[in-house]
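# Close look at the chain arrangement
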Amino acid sequence: MKTYRMLKTALTALRRNILRAALTMLGIVIGVAAVIAMMEIGNGSSLAIQRTIASMGANNLLVMPGTAATGGVTYGAGSVMTLTPEDADAILKEAPAVGSVAVVVRARTQVVYGNRNWVPMYIYGTTPAFLSVRDWTDLAEGQAFTDRDVRSASTVCLLGRTVVRELFGAQSPIGKEVRIQNVNVKVIGVLQQKGANMMGMDQDDILLTPWTTIKFRVVGSSVTAVNQSSAAAATSTQTDLPSQLYPSTQQSLYPVPTSTQQADTPQPVRFINVDQILAAARSAPEIPPAITQITRLLRERHRLRGDTPDDFQIRDMTEITKTMTSTTALMTKLLLCVAMISLVVGGVGIMNIMLVSVTERTREIGLRMAVGAEPGDILRQFLTEAVTLCLVGGTVGILLGRGSSYLVSTMLHWPTAASLGAIIAAVVVSASVGIVFGFYPAWKASRLDPIEALRYE
Amino acid sequence: MALIALRNIHKTYYLGEVDVAVLKGISLEIDSGELVALMGVSGSGKSTLMNILGCLDHPTAGEYWFDGSEISRLSSKHRARLRNRRIGFVFQTFNLLPRTSALENVLMPLNYTKENLTEQEMRRRAAQFLERVGLADRSEHQPSQLSGGQQQRVAIARALVNRPQLVLADEPTGNLDSRTSEEILQMFQQLNRADGITIILVTHDPGVAHHAHRIIRIKDGLLDGGSVDPTRGGAA
């Protein structure tokens, strides 16, 4: 029997009792609609949760320079200078799992405004990408500095809430100038409040400027305030720093070497280094590939071959990431369970009605067999009816589910996310419900004896 | 040549402990183009014989030759194909599909034909047979909108739609008044005469049986010797 005729026969049979068909379908409609709506609302919430957790820095990878060791004495992470801004550019360009990258140059010093002063926990010289890496792009006030500010080492900065409170109290800091060491820096923006991080450190106790500003204007003049090893590095790059144009009042502790002395003790030519590179993986599952890609890339760029140990370290937020993935997985499983239950209930409804229908149409089955329907034809006919019921029900259910999730998102402002996967799953599941629960009645029909069936009252 | 030849057909039902022998050795031949009445009181084995003749059931023992091939041991699938192409059925209760047009009813057996007819060909053929039974103008009517005689004529068109060699009519006039019965019986006679279709009328009504060329009587699972044409029936 051709598919078209089979479908037509099924539709004719269903149309003969349209109300019953509709009521039977209702089980599937409600089941599928519930699945779709819950998947979309659930996906929305789980995306919202993910976003929240991601804003805590779950997707962040911290690339630190490696460890220096002299005669068996190691100096701890960050004691050699191996990372350059070019490394950061290369990571962004060549590691597909990485979404954004920012370099960080740290300083720890006093910030002065008027008669108040404060030592922020973090003084970070960075790029505008830092805000997107840390998911901090919405500013409370003002605006962020730009790549152009980075290129020209502009004396601008963004302040965290805590710094604003300590230096400015209740007034707005926008447009005011604060002094970092002896450099006057204009405040152009205030960051949103972020609170403490996982370790209890106040993340709002922060000052952000272009990294060139910290590197060439501030640190260049305040090396003594930073640790000894970076002081050594900084002095050697000092030759043409802008800070020399605005000389520091601070006395140098060491005598300036004469040119003969310098020629006798040649310093290695150093590149411009950064203290760390902060990279954000595109999503939580992409963290491991991102680590692999960054490692391969940096080993290549730093010409490390064979078993030479890495001259850098990559840290990720494994704990947070684990929490995030397990939360999401749990949510998905929970929804799946509910979905299964409602579909099974719908399927049992289908089976029930199909059994009634087979009994009711025994004579019709007998007649069809008498005029030459093979058992397989009867089986297929009833299966087609059940699957048609389920597919039509599934389609209506998808529309209803999408509709209600749309309503929920517009009226209640719950986050929802359309899920193509859920729709495909709903179609597949409703078709399989039709086959699974339609099979027994159809099989029963196909096994009828035509003589008995024709005589059935 | 004989279209149908039964050789010593037995049918026994095994109902638990008791074996009920319904047909106890029936042999008969029906030629192509005959119009035969099969008569018997209820319980005589008439229906069982009809089921075997109609290839709905197979005998416990004996041979059934249909158009030159032995078919008593065919699988249910092959019997279904045989019924579809070569045997038409007309029932006492018409057995039309409810809420389905006359045309769709007539067309229904074509769905199961392993022949690739297009939708148009199927419809044309069904319409042709509806016209044949004089219901061309009722093709879109549903059974509930037709009289008993018209319903039976739709059923006859359905039986003919696959151009069978044999039409089995089980009490075709049992639910009709006498005038309509006469019309239906004349239609059978006309089909038999014009198209040479072999027709077996199963009935207990002598009035109906008289329209046939030959009457086969069955009694207690055996042919009632008196009415069997000795040249055709009997053991071969």
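Scroll up a little and you will see the structure.
Nothing here was measured: the structure is a model prediction, and the numbers come from that model.

Core analysis: the largest hydrophobic core is formed by 117 residues, its most contacted members being V35, I350 and A386 of chain A together with L38, V106, I200 and L201 of chain B. Take this core: its biggest share by element is 14 residues, from helix α2 (residues 18-55) of chain A. For V106 of chain B, the residues in contact, after removing those within four places along its chain, are A126, F129, L130, V154, A157, R158 and V161 of chain B. Among the nonpolar cores identified, the runner-up in size contains 57 residues, and L191, L208, V274 and L278 of chain A belong to it.

Residues and elements named next belong to chain B. Pairing geometry for strand β1 (residues 2-15) and strand β4 (residues 61-66), over five bridges, is antiparallel. Within β4, the residue paired with H10 across the bridge is A61. As paired elements, β4 and strand β5 (residues 69-70) share two bridges and run antiparallel to each other. Across the sheet, the residue bridging to W65 is E70, located in β5.

The next thing to look at is the sheet that holds strand β3 (residues 35-39) of chain B. All names here are of chain B. On the basis of which strands lie adjacent, the open sheet formed by six strands has the order β6-β7-β8-β3-β9-β10 and mixed pairing. This sheet does not close on itself; its edge strands, each paired only once, are β6 (87-90) and β10 (222-223). Summarising the sheet, strand β9 (residues 214-219) and β10 pair through two bridges and their orientation is antiparallel. Across the sheet, residue I218 finds its bridge partner in β10, namely L223. Contacts between helix α5 (residues 148-160) and the sheet are confined to β6 and β7 (166-170), with β6 contributing the most and set at about 170° to the helix.

Across the contact, 18 residues belong to chain A and 19 residues belong to chain B. Looking at the side of chain A that touches chain B, the elements with two or more residues in it are α1 (3-15), α12 (362-370), α13 (375-412) and α15 (450-455) of chain A. At five residues, α12 of chain A tops the list of elements feeding residues into the side of chain A that touches chain B. For the side of chain A that touches chain B, the residue count by class is nine nonpolar, three polar and six charged.

Right, let's talk about the environment of M50 of chain B for a bit. Residues and elements named next belong to chain B. Topologically, M50 is positioned in helix α1 (residues 46-53). For M50, a count of 22 C-beta atoms within 10 Å translates into the label buried. For the pair M50 and D170, spaced 120 residues apart in sequence, the C-alpha to C-alpha distance is 8.1 Å. If we ignore the near neighbours within four places in the chain, the residues touching M50 are L38, L168, D170 and V202.

The next point concerns the sheet that holds strand β2 (residues 18-31) of chain B. Across the sheet, four strands lie side by side as β2-β1-β4-β5 (chain B); this open sheet has antiparallel pairing. Each end of this open sheet is capped by a strand with a single partner; those strands are β2 and β5 of chain B.

What follows deals with the packing of α13 of chain A against helix α14 (residues 420-446) of chain A. Residues and elements named next belong to chain A. At a closest axis distance of 7 Å, the pairing of α13 and α14 adopts a crossing angle of 150°. Looking at the two axes, α13 sits roughly antiparallel to α14. Like other packed secondary-structure pairs, α13 and α14 cross with a definite hand, here right-handed. Tallied by class, the residues present in the contact of α13 with α14 amount to 23 nonpolar, seven polar and no charged.

The rules behind the values
All chains use their own residue numbering, which begins from 1 and follows the written sequence. The order in which chains are written sets their letters, starting at A; the order in which ligands are written sets their numbers, starting at 1. Where local features are concerned, this predicted model is filtered to residues with pLDDT of at least 70; where side-chain atom pairs are given and counted, the filter is 80 or more; whole-chain, interface and lining totals use all residues. In this usage, the nonpolar core is the set of buried Ala, Val, Leu, Ile, Met, Phe, Trp, Tyr and Cys residues whose C-beta atoms join them within 7 Å. Whether a residue is buried, exposed or partly exposed is read from the other C-beta atoms within 10 Å of its own C-beta, which are placed from the backbone; 20 or more gives buried, 12 or fewer gives exposed, and intermediate counts give partly exposed. Elements are defined by DSSP. Helices are runs of H or I of four residues or more, strands are runs of E of two residues or more, and each kind is numbered from the N terminus. Remark: residues whose backbone-derived C-beta atoms lie within 7 Å of one another are considered to be in contact. Following DSSP output, two strands are said to pair if at least two bridges run between them. What counts as an axis is a line fitted to C-alpha atoms, over the stretch in contact for a helix, and the angles between N-to-C directions run from 0 to 180 degrees. Under the grouping applied here, Gly and all other residues not named as nonpolar or charged are polar, the nonpolar ones being Ala, Val, Leu, Ile, Met, Phe, Trp, Tyr, Cys and Pro and the charged ones Asp, Glu, Lys and Arg. Roughly parallel refers to an angle under 35 degrees, roughly antiparallel to one over 145, roughly perpendicular to one between 65 and 115, and oblique to any angle outside these ranges. A clockwise turn of the near helix away from the far one marks a right-handed crossing, whereas an anticlockwise turn of less than a right angle marks a left-handed crossing.

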